[in-house]
Amino acid sequence: MVPFSFTDTPTLGLSAAALREAAAEWTAREIGQQPQVWQQIISQINADNELRQWFATQLAESGLRIILTGAGTSAYIGQALLPALSVRLPHATQRLEAISTTDLVSNPAQYLLGQYPTLLISYGRSGNSPESLKTVQLADQLLPDCRHLIITCNAVGQLAQYGQAHHQSKVLQLPDACHDRSFAMTSSFTGMYLATLWLFQPEQAQLDSTIDVTAQLLSQSAAIRAEAELPAERVVFVGSGGLAGIAREAALKYLELTAGQISSFYESSLGFRHGPKSVVNAQTQVFILRSNDPYTAKYDVDLYEEVQRDRRAAYCRLVQLDNCRGAALLTDAWLALPLIVYCQTLAFFKALQLEISPDNPCPTGEVNRVVQGVTLYPFIPTLTERA
C-alpha cells in the first residue's frame, strides 16, 4: 500500500495561507485527496483475504436479507448504492434494502423482521452517533440470526468496538484519511461507498476510470468555483436511480457548508415535476446529474430542456462531466463518485463566497459533527411484535 501523504494532496487550487485564513484547510484537502484515498481503500480490501472470504460466504446464502444503514450522509450511501447492487445479488431469494438508523431506532419492530437471516451493513464516520450503536444492539435483540459488517473510519469508535467484540461481525476499518476532520463528510462518504461497491462488484476498469475522471475534475476547480459564485438563494440537485441518492447527499452538503444560508433541495428527474418544481424561481440554481444509462438519460435531458424553456431558474446545468475523458464510459454506480466530488467542491466554494468556514460552518453548536442530544429508550416488544 502506498503511504498517504497529507502534504501532497490537492487543495482545490488554493494556497495553504488562503485556506488557513478561511478556516477551510481540512475540507479542501479531504475533497482533493479522494482519488488517492480510493486507491488505498481498494489495496486494503484486496489484501484482506479473510474479509473477502467472509463476505463471499454471506452472499452465498439464499434467503439472506441485507440492510444498508447509517444516519444522515451515512444513510445516503445505501440509498445511492441500492439500485445497482440489488440487481446483481447472486440469489433471487435474497433482498437488499437501505434503511436509515434513524428509522430503525424509532420503529424497530417494523423493520427488524426475525424470520430472515440478516446481514446488517452499518456505516459510520466516527462510529459514535447514538443511533449507530443502538441499531446494532436492537438488531441483536430482535433478530435470531444477525451478522454485522461494520464499515467505519474510526478504529476507536463505539461501532468498531462493538463489531470487534461480536462473534458474527467483521469490521472494515478504512484508512485514517477517511476520518474527516472537517464538519462535513466528504472522504468518509465516498470511502464507505466505494468499499461497499467493491465488495459487491469489484470492477478494476471502472475503478481506474473513476479515479482518472475524478482527478481531471479536481484539476478544473477554478471553473467549478466560478459556477459556485453565481448568485442564488436556492439550489436543487436532481438525479435518477442511484443518482437520486447522490442528489440527496449533494443537497445536504450544500446546506451544511453554507450553514443553511442557501436553501437546498433534491428530487428524482421524473419526481421533480410532481410539486417540487414549485421551488424554482429567479434565485434558484438547478443541477441535473445526468445518468450514463442511455434510457435513463432521456428523462434527465427532458427535464433539463423543460427547465430551460420555462426560463424561471437563475441557472440550470445538465451535469455530465463532458470535459473529463472517460466519464461517458462509467456505469452510474461508479459515475456517482466523481459527481459527488463535483457537488462537494461546488458547496465548498459557495461557503467561501459567503465567508463561512467550511471546516466549521456552525461554530455556535446547533448542529454538531457527531449528533448530540439524542435520548435512547429501551425497546420492549409487545405481545403482537413478539409473535
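Going by the structure above, here's the rest.
All values derive from a computational prediction rather than experimental measurement. (Residues numbered from 1 in each chain as written. Predicted model: local features only at pLDDT ≥ 70, side-chain atom pairs only at ≥ 80, totals over all residues. Heavy atoms only, no water.)

In this section: the packing of helix H3 (residues 34–47) against helix H10 (residues 187–200). With their axes 10 Å apart at the nearest point, H3 and H10 run at an angle of 35° to one another. Relative to H10, H3 is oriented so that their crossing is right-handed. Every residue of H10 that contacts H3 at Gln-34, Trp-38, Ile-41, Ile-42, Ile-45 and Asn-46 is listed here: Ser-187, Thr-190, Gly-191, Leu-194, Ala-195, Trp-198 and Leu-199. For the contact of H3 with H10, a count of residues per class yields 8 nonpolar, 5 polar and no charged. (Axes fitted to C-alpha atoms, helices over the stretch in contact; angles between N-to-C directions. Helix = DSSP H or I, 4+ residues; strand = E, 2+ residues; numbered from the N terminus. Left-handed = near helix turned anticlockwise from the far one by under 90°. Contact = heavy atoms within 4.5 Å. Nonpolar A, V, L, I, M, F, W, Y, C, P; charged D, E, K, R; others polar.)

What follows is about unusual backbone geometry. One non-glycine residue with positive phi stands out, namely Ala-23, at about 50°. With respect to the element layout, Ala-23 can be found in the loop between helix H1 (16–21) and helix H2 (25–32). A positive phi angle is found at Leu-321, which is not glycine, with a value near 50°.

A separate point is the pattern of salt bridges. Counted by the stated rule, this structure contains 15 salt bridges. For Lys-170, the salt bridge identified is with Glu-50, shortest N-O distance 2.4 Å. Of this pair, Lys-170 sits in strand S5 (residues 169–173) while Glu-50 sits in helix H4 (residues 49–59), and the two are 120 residues apart along the sequence. By relative accessible area, which is 19% here, Lys-170 ends up buried. Note that Arg-125 and Asp-180 form a salt bridge whose closest N and O atoms lie 3.7 Å from each other. Of this pair, Arg-125 sits in the loop between strand S3 (118–124) and helix H8 (130–142) while Asp-180 sits in the loop between S5 and H10, and the two are 55 residues apart along the sequence. (Salt bridge = Lys/Arg side-chain N within 4 Å of Asp/Glu carboxyl O. Buried < 20%, exposed > 50% of the residue type's maximum accessible area, 1.4 Å probe, protein only.)

Another aspect to go through is the nonpolar core. Judged by nonpolar contacts, the single largest core of 89 residues is most densely connected at Ile-66, Ile-121, Phe-237 and Phe-348. It is helix H15 (residues 332–353) that provides the largest number of residues to this core, a total of 16 residues. Apart from the residues lying within four places of it in its own chain, the contact partners of Phe-237 are Ala-247, Ala-250, Ala-251, Tyr-254, Phe-265, Tyr-266, Glu-267, Phe-287, Cys-343 and Leu-346. With 13 residues, the next largest nonpolar core counts Ile-67, Ala-139, Cys-146 and Ile-150 among its residues. (Core = buried A, V, L, I, M, F, W, Y, C linked by side-chain atoms within 4.5 Å.)

This part covers the packing of aromatic side chains. Tallying each qualifying case throughout the model produces 9 aromatic pairs. Relative to Tyr-254, the ring of Phe-237 lies with its centre 5.9 Å away and its plane at 55°, an arrangement referred to as tilted. Note that Phe-237 is positioned in strand S6 (residues 234–239) and Tyr-254 in helix H13 (residues 242–257), a separation of 17 residues in sequence. In this pair, the class of Phe-237 matches that of Tyr-254, namely buried. Ring centres 5.4 Å apart and planes at 20° place the aromatic pair Phe-237 and Phe-287 in the stacked group. Of the two residues, Phe-237 sits in strand S6 while Phe-287 sits in strand S8 (residues 284–289), which places them 50 residues apart along the sequence. One exposure class covers both Phe-237 and Phe-287, and it is buried. (Phe/Tyr/Trp six-rings, centres within 6.5 Å; stacked < 30°, edge-to-face > 60°.)

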